[in-house]
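This is what each chain is made of:
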Amino acid sequence: MKVLVPVKRVIDYNVKVRVKGDGSGVDLANVKMSMNPFDEIACEAAIRMKESGAVEEVIAVSIGVKQAQETLRTALAMGCDRAILIVATDDVHTDIEPLAVAKLLKAVVDAEEPGLVICGKQAIDNDMNATGQMLSALLGWSQATFASKIDIDGDHATVKREVDGGMQSIKVKMPAVISVDLRLNEPRYASLPNIMKAKKKPLDEKTPEDYGVDVSPRLEVVKTAEPPERDAGIIVKSVDELLDKLKNEAGVI
Amino acid sequence: MAVLLLAEVDNGELNLDATAKAVTAVKPLGDVHVLCAGAKAAAAGETAATIDGVAKVLVAEDAQYGHRLAEPTAKLLVDLAGDYDHIAAPATTDAKNILPRAAALLDVMILTDVSGVIDADTFERPIYAGNAVQTVKSRDSKKVLSIRTSTFDAAGTGNSAPVETVTPAEAPGLSEWVEDHVAESDRPDLTSAGIVVSGGRGVGSEEDFKLIENLADKLGAAIGASRAAVDSGYAPNDWQVGQTGKVVAPDLYIACGISGAIQHLAGMKDSKVIVAINKDEEAPIFQVADYGLVADLFDAIPELNEKL
Ligand SMILES: Cc1cc2nc3c(=O)[nH]c(=O)nc-3n(C[C@H](O)[C@H](O)[C@H](O)COP(=O)(O)OP(=O)(O)OC[C@H]3O[C@@H](n4cnc5c(N)ncnc54)[C@H](O)[C@@H]3O)c2cc1C
Ligand SMILES: Nc1ncnc2c1ncn2[C@@H]1O[C@H](COP(=O)(O)O)[C@@H](O)[C@H]1O
């Protein structure tokens, strides 16, 4: 079985986000970019399946700017076998929407025929939490979102999911789309020899036209603003002072 | 045209708070029709009919909707979509699972975690862990949106909207429910509680999380946790507050031994009053706290508990 892992290049999660002065978006020029943290977890899951012998090949796919090559090299250095980059824009500030990403991924699935897609639950830039569910719909496959444990058993997978009330286990028919949550695994760091090896692994470059997919956005960004700021607070000296403030100033207890 | 609002139905019971908050958000868009789907959903439908502003309740009862699996409920939404311009739901994990699937089947984009409704096509939503707020205008014929409930007040009750039943769609049969692992608790629900006491890595162990629990019980509060506390096994996953956990906006949020990473702030910085107890005066949590106490939580929390 082949596994497809979609990986997104996003602002590094440690970087302080700055909204551009003209309200047109978030400043991404000269900012540290990394693989979306959930996608590292997805790669790790797929690579472990390969190491256990359940999977033959792991293919990483990224959609976006040409620089997403770096993200795919990271996936290859972790242990993915080959990569596909779909260059869909040349502007780092253009985010390809989940629906368009899902359509492109569907086209890749049609061409590669994997038995499983493992993606992240959410991209930490647009915070959409939608692509995996959309891809599953377009394929007519089953879906298991927010996975914190995956067991594949022939034509079924049993997935433990993180939900509002706690956990839920479901059994889904394969092929399936699974989106991963934070506690599925601890992704590995790529070793230096593997980073060198990754440079020789195949990385195909495509365009949306190759797949006949229209990526024009459905949502027009009218403006991007800073969230409202909180007024500065105070430091209290003691538990007594804290209790006094909560009772008599804030009136919340 | 009307709005189809998928209610949060859990085990046959309506999540009134989340659903009533979503009603407030979508009310300006048109007549609100609330859909209650479940293996049992009639009682939930009766409760939904009492929410002020609801024009009609639709009840879909069928075993396939029993555990809110995405495939059958998304299909049901698509079958009903013809009569609606907007399809919405409170942004619970169930809706996050279901709505994007329905949107893709309708060939429209989704708007997740909507925190502001400007007009029928224009919505606000937080991005980058709430470090920016985007206003987007949809060009799609139908809008599918999930509502960030923490930013809307719950609609009142006292209404008696008509209730209709809808015929279930054919079951897609792609997935089946195995089991739920849900802890029963008498404490208030995290996303609707008036007070939340949260613990982080600073609490140090699962045993010491009792300190947080005792304080919460004294205040009649819900309990929250940082990701670090959950990952370390001090607290269950459903207590996680943040960008990828729950979003809360209580009257009072007390963060104990939490540093204040942006991913955590994303889930609580809209709280009315924030208290931070941390022994490191440089901790970023103090930048959003109304009242900061630089102290060892192992001294401060027992003292608080005693003096309350
Ligand atoms: C993709 C992604 C998603 C994430 N999503 C979330 C999310 O949803 N929610 C979330 O919370 N995090 C999330 N995180 C993690 C986040 O970046 C931080 O790592 C996490 O919030 C840190 O938790 P913490 O504050 O408990 O731990 P730490 O940062 O380790 O802070 C512990 C604090 O406790 C204090 N302390 C220690 N001992 C004591 C004591 N005895 N008394 C008083 N204070 C003490 C220390 O001074 C310190 O400030 C996410 C990260 C990523 C990459
Ligand atoms: N441009 C993209 N390229 C590759 N994968 C993506 C892209 N956008 C989203 N994904 C995948 O879909 C997941 C969820 O993203 P989102 O729906 O945008 O929150 C991510 O964690 C990735 O696995």
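Residues numbered from 1 in each chain as written. Chains lettered and ligands numbered in written order. Predicted model: local features only at pLDDT ≥ 70, side-chain atom pairs only at ≥ 80, totals over all residues. Heavy atoms only, no water.

Trainee: Honestly, the interface of chain B and chain A in this entry has me stumped. Any pointers?
Mentor: It is common to give the size of an interface as the accessible area lost on bringing the parts into contact. Taken together, the contact pairs 81 residues of chain B with 77 residues of chain A. A per-residue breakdown of the area chain B buries against chain A is headed by Met109, Tyr128 and Tyr291 of chain B, which together make up 12% of the total. Inspection of the chain B/chain A interface yields six salt bridges. Two residues, aspartate 231 of chain B and arginine 183 of chain A, come together in a salt bridge whose shortest N-O distance is 2.7 Å. (Contact = heavy atoms within 4.5 Å. Buried area = accessible area lost by both parts, 1.4 Å probe. Salt bridge = Lys/Arg side-chain N within 4 Å of Asp/Glu carboxyl O.)

Trainee: How should the environment of valine 5 of chain A be read in this particular structure?
Mentor: All names here are of chain A. The topology assignment puts valine 5 in strand β1 (residues 2-6). Valine 5 sits 78 residues away from alanine 83 along the chain, and the two C-alpha atoms are 9.3 Å apart. Non-local contacts of valine 5, meaning those with residues more than four positions away in its chain, are made with Asp39, Ala42, Cys43, Ala46, Val58, Ile59, Ala60, Val61 and Ile118. (Helix = DSSP H or I, 4+ residues; strand = E, 2+ residues; numbered from the N terminus.)

Trainee: I'm lost on the side chain of threonine 149 of chain B in this one. Help?
Mentor: All names here are of chain B. Considering the arrangement of structural elements, one finds threonine 149 in the loop between β11 (143-147) and β12 (163-165). Since its relative accessible area comes to 18%, threonine 149 is described here as buried. In contact with threonine 149, not counting residues within four places along its chain, are Ala18, Lys21 and Pro90. (Buried < 20%, exposed > 50% of the residue type's maximum accessible area, 1.4 Å probe, protein only.)

Trainee: I would appreciate a short explanation of the packing of aromatic side chains in the present structure.
Mentor: To describe a pair of aromatic rings, one takes the distance between the centres and the angle between the planes. Evaluated as defined, the whole model comprises one aromatic pair over all chains. The ring centre of phenylalanine 146 of chain A lies 5.5 Å from the NZ or CZ of lysine 121 of chain A, which sits over that ring. (Phe/Tyr/Trp six-rings, centres within 6.5 Å; stacked < 30°, edge-to-face > 60°. Lys NZ or Arg CZ within 6 Å of the ring centre and 35° of its normal.)

Trainee: Even after reading the chapter, I still don't get the sheet that holds strand β9 (residues 122-127) of chain B, so can you show me in this structure?
Mentor: Strand pairing in a sheet relies on backbone hydrogen bonds. The paired strands run either parallel or antiparallel. Strand order in this open sheet of four strands is β12(A)-β10(B)-β9(B)-β8(B), and the pairing throughout is antiparallel. Every interior strand has two partners, whereas the edge strands, β12 (219-225) of chain A together with β8 (116-117) of chain B, have only one. (Pairing = 2+ DSSP bridges.)

Trainee: Which parts of the structure should I look at to understand the nonpolar core?
Mentor: Here is a general trend for soluble globular proteins: nonpolar side chains tend to be buried in one another's company. Grouped together as the largest cluster of nonpolar side chains are 90 residues, with contacts concentrated most on Val34, Leu35, Cys36 and Leu77 of chain B. A per-element tally of this core places helix α3 (residues 98-112) of chain A first, with eight residues. Non-local contacts of leucine 77 of chain B, meaning those with residues more than four positions away in its chain, are made with Leu4, Leu6, Leu35, Ile87, Ile98, Leu99 and Ala102 of chain B. Counting 44 residues, the second-largest nonpolar core is a separate cluster that includes Phe38, Ala45, Met49 and Ala60 of chain A. (Core = buried A, V, L, I, M, F, W, Y, C linked by side-chain atoms within 4.5 Å.)

Trainee: Honestly, the pairing of strand β10 (residues 132-138) of chain B in this entry has me stumped. Any pointers?
Mentor: It is a general feature of regular strands that their side chains alternate between the two faces of the sheet. Counting buried positions along β10 of chain B yields six of seven residues, so the element is predominantly enclosed. Alignment of β12 of chain A against β10 of chain B, held across six bridges, turns out to be antiparallel. Within the sheet, the bridge partner assigned to leucine 219 of chain A lies in β10 of chain B and is serine 138 of chain B. Looking at chain direction, β9 of chain B and β10 of chain B are connected through six bridges and run antiparallel. Residue pairing across strands places arginine 125 of chain B opposite glutamine 134 of chain B, the latter belonging to β10 of chain B. Counted between consecutive antiparallel strands, the loop separating β9 of chain B from β10 of chain B contains four residues, among which tyrosine 128 of chain B sits at a positive phi close to 50°.

Trainee: What is the right way to read the packing of helix α5 (residues 209-219) of chain B against helix α8 (residues 297-307) of chain B from this model?
Mentor: Residues and elements named next belong to chain B. For the pair α5 and α8, the least separation of the axes is 10 Å and the interaxial angle reads 25°. It follows that α5 is roughly parallel to α8 by the angle criterion. For the element pair α5 and α8, the recorded crossing hand is left-handed. Contact with α5, carried on its side by Leu211, Ile212, Asn214, Leu215 and Lys218, involves Leu297, Phe298, Ile301, Pro302, Leu304 and Asn305 of α8 and no other residues of that element. The residue inventory of the contact of α5 with α8, partitioned by class, reads eight nonpolar, two polar and one charged. (Axes fitted to C-alpha atoms, helices over the stretch in contact; angles between N-to-C directions. Parallel < 35°, antiparallel > 145°, perpendicular 65-115°, else oblique. Left-handed = near helix turned anticlockwise from the far one by under 90°. Nonpolar A, V, L, I, M, F, W, Y, C, P; charged D, E, K, R; others polar.)

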